[in-house]
Amino acid sequence: MRFDCIERRFAHAFGVYSGVVVRHPLPFFVIPILVTVSLTVGLTRHEQAFMKDELELYTPTDAQARKELDQLDRLFHINDSDPFYATRRYDIRRAGYIIVTNREEDGDILNPLVMHAAMQLWSIVQSLTVEDEDDRRINYPSICVKFPIPPEFSKALHSLFAPNMTTPEEICVSNPLVEMFKLLLVSDRSFLNRSIDEMTLSQISDAIQFDSGGMTHLLGGVTLDDDKRIAGAKAMLLPYALRHSSDDEDWVAEKWEVRLADFLLQYDSPIIRASWWTYETLAAESARDRLQLINMLLPCFLCVSIYTVACCCVFSWRRSRPWLAIGGVFSAAMAIASAVGVLLLSGYGMTSVAYSMPFIVFSVGVDNVFILLSAWRSTPSTETLEHRMKETFADAAVSITVTSLTDLISFGVGCATPFPSVQMFCSYAVAAVIFTYIYQLTFFAAIMVYTNRREIDNRHCITFHKLKRETLPEKIAAQGDRSFEKNTMLAQFFRTTYSDFLLNPLVRIVILTLFIAYLAIASFGCTKVKLGLEPNDLLPENSYGKRTLLMAEKYFSDYGSSLHVWMYNMSEVDVAPRKIWNVLEKEIELYEHTEFTAGSDSWLRTFLAFVKQAGLLITPENFVYILKNVFLSQPQFAKYNRDVVLSDDGEHLEASRIPVQLRHVGSANQSRAMRLFRRLAETSELQTGVYADFFLVSISNIY
């Protein structure tokens with residue numbers, strides 16, 4: 001019984017089809033060209049369709065982190081007009097930092113010379129300007145996130161300066177240490193022979209950054225003396241934050257970040273080194289990869305063309321097929337252009353990842369060309385053109401159909417993945433594979449017909465003029481003929497030498513042993529595969545962003561961003577006879593005592609301390625009233641307003657948020673940390689959500 005009935009039917013169909021192409025090749029040649037020209041109009045939409053590389057493109061659309069972030073934003077939304085509280089920010093858009101280190105490797109940065117250089121750098125950064133839509137010059141103070149100076153800031157300054165010193169009404173997000181140093185210089189004070197009190201700096205840090213963690217978060221490689229005072233540091237963080245709530249503000253902020261990166265690329269100081277990360281870093285550095293890929297397209301096209309032409313030429317002006325080889329390469333190129341054009345015309349976006357698609361599809365398309373050429377060469381040269389084409393397509397077209405279908409299924413599965421960047425890449429690849437298959441059975445088939453007609457008419461392979469006789473000796477010409485029919489040299493090697501070698505018993509044992517060893521090593525390697533995606537993986541090897549991320553992990557990994565923990569739907573929870581504040585406090589403690597966290601800036605603890613100091617008595621009945629009308633109305637507790645959500649009638653506590661300080665969370669343990677926090681939230685007595693900025697890039701989001 002034969003099981004190749006489907007293959008035989010396909011072979012017969014392709015054989016019949018080849019007869020149509022042989023009799024009428026012109027439409028099969030012209031129509032693909034016209035289609036390609038029409039669809040390449042879509043390439044004019046390239047700039048509008050291009051989507052900048054942002055982390056969202058590499059985050060699954062169904063990731064749990066997206067839902068967590070949406071819920072956090074819905075409950076505790078932050079506007080640019082709100083006071084800037086560093087520990088409560090979950091939006092990393094239009095924010096970044098500069099890491100300042102000593103020019104000498106691991107040199108101390110807390111000395112007057114380095115501090116003065118850092119202050120000068122920050123002053124220049126603040127003065128960088130860009131033009132808005134009205135051609136106005138905009139600098140950092142014009143677009144930074146600002147906030148009123150609270151009483152704590154004046155208290156901290158007055159502890160350093162004269163009590164009657166005037167302070168500015170508002171200030172931009174920056175490093176308190178640099179701001180303090182500037183004020184010290186203005187007041188003719190000096191750091192010489194003075195140690196830096198960590199508590200004093202913490203007060204200033206609270207005022208400017210609203211971060212109760214203190215200056216240790218803005219200094220890296222900190223060393224303390226016996227009195228727990230900062231004795232030295234190896235790196236300093238200069239953070240910034242820009243307003244971006246409107247499209248106009250976001251456009252200006254983007255221009256300023258690009259201007260900042262351009263300036264720092266040229267910045268050189270004999271005293272300090274500057275490393276930086278902006279919100280535009282990933283997009284700007286990926287754009288360099290994109291331009292490099294674009295510049296590689298033409299050399300790749302030429303190299304493949306030369307190689308294909310060389311493979312199609314023999315020692316015969318008549319039987320060499322250089323134009324057939326070039327036609328095969330052009331067939332693949334036309335397919336890629338048509339695929340990109342039709343998707344751009346359909347409104348598809350495009351990322352830098354999709355720019356690697358032409359190289360993959362190009363190789364697949366040219367590979368199929370060689371399959372057709374090999375099938376043609378295996379047909380007897382004594383047969384008619386129509387018979388040889390029929391045998392060629394009956395043999396090769398089935399193979400091309402199977403391989404194209406395999407590629408189509410592979411890329412089609414990729415279109416179903418939840419990663420937007422992968423979806424876009426695979427969508428373009430699917431379209432390119434389809435067009436490649438169609439053009440090979442039409443455009444390239446027509447070129448094969450014209451090439452074989454030229455050969456039968458005894459015309460020159462390049463100039464097409466009539467040949468009177470072969471210009472090389474008959475023996476060499478005859479070898480050329482046989483090379484087309486039997487692929488003599490390569491085929492003979494595999495048919496005799498190589499096959500005899502494989503049939504040797506000793507060789508077979510060695511090959512099987514090596515293969516088993518290979519499988520064992522490969523299986524072990526699979527257990528060591530690193531899962532997850534980080535911004536570092538998306539950057540070119542020579543990117544300044546890679547260097548900055550390494551510096552950040554080296555000097556600032558001990559204390560990172562905040563873990564946001566919130567309890568919601570609390571008005572529906574009955575905790576009687578227990579008190580809600582006691583239940584909340586126990587929940588908070590769970591997140592503070594893990595290997596990845598330190599303390600928290602809890603509104604509840606501050607509230608309970610305030611109530612105790614004021615001599616107030618709280619009960620379940622007056623808890624929300626005192627919280628709303630007494631505690632949160634105090635200016636010094638303004639930052640906690642965004643941590644509490646009351647019910648619509650203002651009678652019940654609906655949601656509570658606590659920022660918990662992260663520490664020792666790096667690329668190696670991000671997924672483990674995230675799973676731990678989510679597990680704590682799932683086992684909580686109250687409905688709880690958790691979120692940290694590294695959740696978006698953890699591979700665990702897909703589970």
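Residues numbered from 1 in each chain as written. Predicted model: local features only at pLDDT ≥ 70, side-chain atom pairs only at ≥ 80, totals over all residues. Heavy atoms only, no water.

In the nomenclature of an unreviewed UniProt entry, the chain is known as SSD domain-containing protein of Caenorhabditis japonica. In UniProt, the chain has this text filed under Subcellular location (unreviewed entry): "Membrane". Annotation of the chain in UniProt includes, under Sequence similarities (unreviewed entry), the sentence "Belongs to the patched family." (UniProt positions renumbered as here; feature names shortened; annotations may be inferred.)

Let's shift gears to the overall build of the chain. A count of helical and extended segments in the chain gives 24 helices and 15 strands. In the structure as shown, the chain presents an accessible area of about 35,300 Å², 60% of it carried by carbon and sulfur atoms. (Helix = DSSP H or I, 4+ residues; strand = E, 2+ residues; numbered from the N terminus. Areas by Shrake-Rupley, 256 points an atom, 1.4 Å probe, with all protein chains shown as cover.)

A few words on helix α23 (residues 623-631). All of the buried residues along α23 are F623, V624, I626, L627 and F631. Against α21 (580-592), α22 (603-614), β13 (644-646) and β14 (653-662) lie the buried residues of α23. (Buried < 20%, exposed > 50% of the residue type's maximum accessible area, 1.4 Å probe, protein only. Contact = heavy atoms within 4.5 Å.)

Attention now moves to the confidence of the model for the chain. Per-residue pLDDT for the chain averages 80, and the proportion of residues at 70 or more is 84%. Low pLDDT, under 50, characterises residues 160-165; the stretch is placed with 12 contacts to residues that sit more than four places away or in other chains. In this model, residues 186-214 is a region of pLDDT below 50 whose contacts with residues beyond four sequence positions or in other chains number 76 contacts. (pLDDT = per-residue confidence, 0-100.)

Geometrically, a packed helix pair is captured by the angle between its two axes and the distance between the axes. Contact geometry of α22 with α23 gives a least axis separation of 12 Å together with a crossing angle of 85°. The orientation of α22 with respect to α23, classified from their angle, is roughly perpendicular. For the pair formed by α22 and α23, the contact residues are W603, T606, F607, F610 and V611 on the first element and F623, I626, L627, V630 and F631 on the second. (Axes fitted to C-alpha atoms, helices over the stretch in contact; angles between N-to-C directions. Parallel < 35°, antiparallel > 145°, perpendicular 65-115°, else oblique.)

Moving on, we get to the pattern of salt bridges. One pass over the full model with this rule turns up 22 salt bridges. Linking R23 and E386 is a salt bridge whose minimum nitrogen-to-oxygen distance equals 3.1 Å. A residue pair is termed long-range when its members are at least 10 positions apart, and R23 in helix α1 (residues 5-23) and E386 in helix α14 (residues 385-415) qualify at 363 residues. A relative accessible area of 48% means that R23 is categorised as partly exposed. A salt bridge links R94 to E280; the shortest N-O distance between them is 2.7 Å. Residue R94 is located in the loop between α4 (64-75) and β1 (95-102), and its partner E280 is located in the loop between β10 (272-277) and α11 (281-311); the two are separated by 186 residues in the primary sequence. E280 carries the same exposure label as R94, and that label is buried. Within this structure, R93, R94, D250, E254, E257 and E280 form a network of salt bridges that share partners. (Salt bridge = Lys/Arg side-chain N within 4 Å of Asp/Glu carboxyl O.)

On the surface, E7, E383, E391 and D395 cluster together into a negatively charged patch. Within the secondary structure layout, D395 lies in helix α14. Residue classification places D395 among the partly exposed residues on the basis of a relative accessible area of 45%. (Patch = residues over 30% accessible without salt bridge, like charges linked within 9 Å, V, L, I, M, F, W, Y side chains within 5 Å. Lys, Arg positive; Asp, Glu negative; His and termini not counted. Charge placed at Lys NZ, Arg CZ, Asp CG, Glu CD.)

Let us look at the nonpolar core. Counting residues in hydrophobic clusters, the biggest one holds 61 residues, and the most contacted among them are M357, M389 and Y428. When residues of this core are traced back to their parent elements, those giving at least two are α1, α2 (25-39), α11, α12 (322-345), α13 (357-377), α14, α15 (420-441) and α16 (443-456). Core analysis: the second largest hydrophobic core is formed by 54 residues, I580, L604, V624 and V660 among them. (Core = buried A, V, L, I, M, F, W, Y, C linked by side-chain atoms within 4.5 Å.)

Attention now goes to the sheet that holds strand β6 (residues 219-220). Strand order across the open sheet formed by 4 strands is β6-β9-β1-β10, with antiparallel pairing between neighbours. With one partner strand each, in any of the chains shown, β6 and β10 form the two edges of the open sheet. Pairing analysis gives 2 bridges linking β6 to strand β9 (residues 235-241), with the strands arranged antiparallel. When the bridges of β9 are listed, L219 appears paired with M236. (Pairing = 2+ DSSP bridges.)

It is worth spelling out a nonpolar patch on the surface at this point. Together, L26, V30, L34 and Y450 give the surface a local cluster of nonpolar side chains, amounting to about 340 Å² of exposed area. Element by element, the count of residues in the nonpolar patch is highest for α2, at 3 residues. In this fold, L34 is placed in helix α2. Residue class for L34 comes out exposed when judged on its relative accessible area of 52%.

Time to look at the UniProt feature "transmembrane region" (unreviewed entry) in the chain. Sites flagged by UniProt as "transmembrane region" (unreviewed entry) map to residues 26-44, 296-317, 323-345, 357-376, 396-416, 428-450 and 506-526. Within the segment residues 26-44, helix and strand shares are 74% and 0% respectively, and the terminal C-alpha atoms sit 29 Å apart. The span residues 296-317 carries 73% helix and 0% strand; its end-to-end C-alpha distance comes to 32 Å.

For the rest of this paragraph, the subject is the environment of F330. Relative to the assigned elements, F330 resides in helix α12. Exposure remark for F330: the relative accessible area of 39% places this residue in the partly exposed category. Along the backbone, F330 and F362 are 32 residues apart, and their C-alpha atoms lie at a distance of 9.8 Å.

To continue, consider the packing of aromatic side chains. Under the criterion given, the structure shown has 28 aromatic pairs. Geometrically, the ring pair formed by F263 and Y267 is tilted, given 5.7 Å between the ring centres and 50° between the ring planes. An aromatic cluster of three or more residues is present, and its members are W581, W603, F607, F610, F623, F631, F637 and Y640. One residue, R657, lies across the ring of F76, its end atom 5.0 Å from the ring centre. (Phe/Tyr/Trp six-rings, centres within 6.5 Å; stacked < 30°, edge-to-face > 60°. Lys NZ or Arg CZ within 6 Å of the ring centre and 35° of its normal.)

Before going further, it helps to examine α15. Taking 1.5 Å of rise per residue, the 22 residues of α15 would be expected to cover 32 Å, and the 32 Å separating its terminal C-alpha atoms lies within 8% of that figure. Among the 22 residues of α15, 17 are classified as buried, and the element is accordingly described as predominantly covered. (Expected span 1.5 Å × (residues − 1).)

What follows covers the environment of A445. You can see A445 is positioned in helix α16. Through-space distance from the C-alpha of A445 to that of V21 is 7.1 Å; in sequence the pair is 424 residues apart.

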